[in-house]
Amino acid sequence: MIKGHGDDAYQFEDIRINFSSNIYSHADMSALKEHLCRHIHVIDSYPEPEPFSLERLIAEQHGIPADCVLVTNGATEAIYLVAQMVAPQIGSFILDGPSFSEYADACRLYGLSSRSENLSRSEDYSRYEVRGTLGENQRSAPTGKANSIEGPDSNLVPRTSHLAPRDNSNLVPSHPRTPAPSIHSPRADTILWLCNPNNPTGRVYTQTEIDRFLEEYPLVVVDQSYEHHTLECIMTPAEGIRHDNLVQIHSLTKTYAIPGLRIGFVTAQPQLIDSLRRFVRPWSVNALAIEAARWLLTHDMKAIADLPAYLREAQRLRQNLNAIPGIKVFPTKTNFMLVRIEPLTSSRSEDFSRYEERLRVGDQRSGIRGTLGENSIEGPDSNLVPRTSHLAPREETPRKEERSASALKAYLAHHYGILIRDASNFNDLDERYFRIAAQLPEENDLLVKAISCYLNET
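These numbers come from a predicted model, not from an experiment. (Residues numbered from 1 in each chain as written. Predicted model: local features only at pLDDT ≥ 70, side-chain atom pairs only at ≥ 80, totals over all residues. Heavy atoms only, no water.)

(A) Spotlight on the overall build of the protein. Within the protein, the regular secondary structure consists of 14 helices and 14 strands. Residue burial in the protein is summarised as follows: out of 458 residues, 55% are buried. Taking contacts inside the protein between residues at least 6 apart in sequence as the whole, the part at least 24 apart equals 73%. Put simply, the protein shows about 19,500 Å² of open surface, and 51% of that area lies on carbon and sulfur atoms. (Helix = DSSP H or I, 4+ residues; strand = E, 2+ residues; numbered from the N terminus. Buried < 20%, exposed > 50% of the residue type's maximum accessible area, 1.4 Å probe, protein only. Contact = heavy atoms within 4.5 Å. Areas by Shrake-Rupley, 256 points an atom, 1.4 Å probe, with all protein chains shown as cover.)

Encoded structure:
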């Protein structure tokens, strides 16, 4: 389950700038808060056991049938519902890593044992496969064996054709765009999980890639929680429901920057939605979340008012971080990015000294001041660190730490009130990796300065 995550400011005192969550922390949700205050009476009654009215509203806005929508308690509930649905009949799962750890955790919860295999790729990261043994064990073990999730009727998972047992060669119903894999294919009993845009790398899968995956796997799950945080083309729900082996997960929590209100939804063909709905607990979505979702969808109050400008600022932050000796920032198509702390050699130490000198004399000309998207260039008397007391370092002389993401996180929190995401618990990553999401220009500049100070002191 969730062990180490972003937005864990509760572990520190006086965090002032939050880079750790992929959600833009300066979204103006005051209108929503006022609306919820005026409608606080909704907590006096039970919400709908299943929020069908909200599902109809979502379906209407996306131009799809209402029976293609399932509202969930955040994207995380959707992930666990999918894992529970497929566990008795799908024997393995693949993550295109590094990616959100809850996909693997959800599969393990429902009995799939894991084995990793590196598959060839051209990117920086390797896809790995985790094979489960639940399917074989269920066919040979007596009912009631430990870790079995089947109940007295031994039929928790509907025996629908798209999730047929592995000895059935027709795992997926015939479809012009999603032919069923052969039972002899190594992927015939495998579920593929994708995050698009991917957390934590910021990679975006093309439609061509996803179409190929849909031809290769009996079930593909695409978590599109950050679909409104990129300018790249992302498959719409109307396009997605044409495939009978595709589940799309969406997050209103991310779209509208309301992480305290857990609300998301799934779109898929009706037979998949029906199968998922059998595992939903009554009243899983609370009344305030339903009320907030209705209001937000009706008013379309996006958290990021000017996405192109915000993404330009994210790229500026990435360039400034990449200019620091000892830091590598991977390419991203969204507002967040994965960063690696590199070993600092003696030659690079000299580079670092020159970099620090440029900071002191104001020669670092990539800083942006003012509103997002401005292209102003700083003059020679400028300073990368904002001249505001609430963003100033707390101590003049930082304490030396072991160079790692966790040590950097502690240093930034203690000396600057800055919070980053230690990414070492993502699959395929180690203690050198951390993740950040762009914030205001002056806050981004302070982060660059603070990280350079940390590296220079360790």
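Picking up where we left off.
(B) Looking closely at the environment of Ser275. By secondary structure assignment, the location of Ser275 is in helix 9 (residues 270-277). For the pair Ser275 and Leu81, spaced 194 residues apart in sequence, the C-alpha separation works out to 9.4 Å.

(C) How the structure looks around the confidence of the model for the protein. Chain-level statistics for the protein give a pLDDT mean of 78 and a share of 68% at 70 or above. For the protein, per-element mean pLDDT is lowest for helix 5 (residues 134-140), which scores 34, and highest for strand 9 (residues 264-267), which scores 98. Low pLDDT, under 50, characterises residues 115-184; the predicted model gives this stretch 154 contacts beyond four residues in sequence or across chains. (pLDDT = per-residue confidence, 0-100.)

(D) Looking closely at helix 14 (residues 441-457). In a regular helix each residue adds 1.5 Å, so 17 residues correspond to 24 Å; helix 14 covers 25 Å between its end C-alpha atoms and thus fits that length. With respect to burial, helix 14 is a largely interior element, 14 of its 17 residues being buried. (Expected span 1.5 Å × (residues − 1).)

(E) Spatial organisation of the pattern of salt bridges. By the definition in use, this model includes 14 salt bridges. Taking the shortest distance from any N to any O, the salt bridge between Arg277 and Glu50 comes out at 3.0 Å. Note that Arg277 is positioned in helix 9 and Glu50 in the loop between helix 1 (30-38) and helix 2 (52-62), a separation of 227 residues in sequence. With a shortest N-O distance of 3.0 Å, Asp445 and Arg316 are connected by a salt bridge. Placement of the pair is Asp445 in helix 14 and Arg316 in helix 11 (residues 307-322), with a sequence separation of 129 residues. Of the residues examined, Asp445 reaches a relative accessible area of 1% and is grouped as buried. When salt bridges that share partners are traced, they join Arg340, Glu342, Asp430 and Arg432 into one network. (Salt bridge = Lys/Arg side-chain N within 4 Å of Asp/Glu carboxyl O.)

(F) A look at the sheet that holds strand 10 (residues 327-329). Spatial ordering of the open sheet is given by 10-11-14-13, a layout of 4 strands whose pairing is antiparallel. Here the strands that pair on one side only, and so sit at the sheet edges, are strand 10 and strand 13 (421-422). Bridge analysis of strand 13 against strand 14 (residues 433-437) gives 2 bridges, and the strand direction is antiparallel. Paired with Arg421 across the bridge in strand 14 is Arg435. This element, helix 11, spans strand 10, strand 11 (336-341) and strand 14 of the sheet and lies at about 150 degrees to strand 10. (Pairing = 2+ DSSP bridges. Axes fitted to C-alpha atoms, helices over the stretch in contact; angles between N-to-C directions.)

(G) A look at the packing of aromatic side chains. Under the counting rule described, the total for this entry stands at 10 aromatic pairs. Relative to Tyr310, the ring of Tyr24 has its centre 4.8 Å away and its plane inclined at 50 degrees; by these criteria the two rings are tilted. With Tyr24 in the loop between strand 1 (17-18) and helix 1 and Tyr310 in helix 11, this pair connects stretches of sequence that are 286 residues apart. With respect to class, Tyr24 is no different from Tyr310; both count as buried. Across from the ring centre of Phe213, 5.0 Å away, lies the NZ or CZ of Arg212, which sits over that ring. (Phe/Tyr/Trp six-rings, centres within 6.5 Å; stacked < 30°, edge-to-face > 60°. Lys NZ or Arg CZ within 6 Å of the ring centre and 35° of its normal.)

(H) Representation of the environment of Ser21. On the secondary structure map, Ser21 appears in the loop between strand 1 and helix 1. When the C-alpha positions of Ser21 and Ala437 are compared, they lie 6.6 Å apart, and in sequence the two are 416 residues distant. A distance of 3.1 Å separates a polar atom in the side chain of Ser21 from the backbone nitrogen of Ile23. (Polar contact = N/O pair within 3.5 Å; in protein donor to acceptor, adjacent residues only side chain to side chain.)

(I) Quick look at the packing of helix 2 against helix 10 (residues 287-299). Interhelical geometry of helix 2 versus helix 10 gives an angle of 20 degrees and a closest axis separation of 10 Å. Here helix 10 runs roughly parallel to helix 2, going by the angle between their axes. Helix-helix and strand crossings are classified by hand; for helix 2 and helix 10 the assignment is left-handed. Where helix 2 approaches helix 10, its residues Ser53, Leu54, Leu57, Ile58 and Gln61 are matched on the opposing element by Ile290, Ala293, Arg294, Leu297 and Thr298. Across the contact of helix 2 with helix 10, the residue classes tally to 6 nonpolar, 3 polar and 1 charged. (Parallel < 35°, antiparallel > 145°, perpendicular 65-115°, else oblique. Left-handed = near helix turned anticlockwise from the far one by under 90°. Nonpolar A, V, L, I, M, F, W, Y, C, P; charged D, E, K, R; others polar.)

(J) Fine view of the pairing of strand 9. Judged by which residues are buried, strand 9 turns out to be covered on both faces: Gly264 and Val266 on one side and Phe265 and Thr267 on the other are all buried. Here 4 bridges tie strand 2 (residues 69-72) to strand 9, and the two strands are oriented antiparallel to one another. Opposite Val71, over in strand 9, you have Phe265 as the bridge partner. Across 4 bridges, the pairing between strand 8 (residues 246-251) and strand 9 is antiparallel. Within strand 9, the residue paired with Ile249 across the bridge is Val266.

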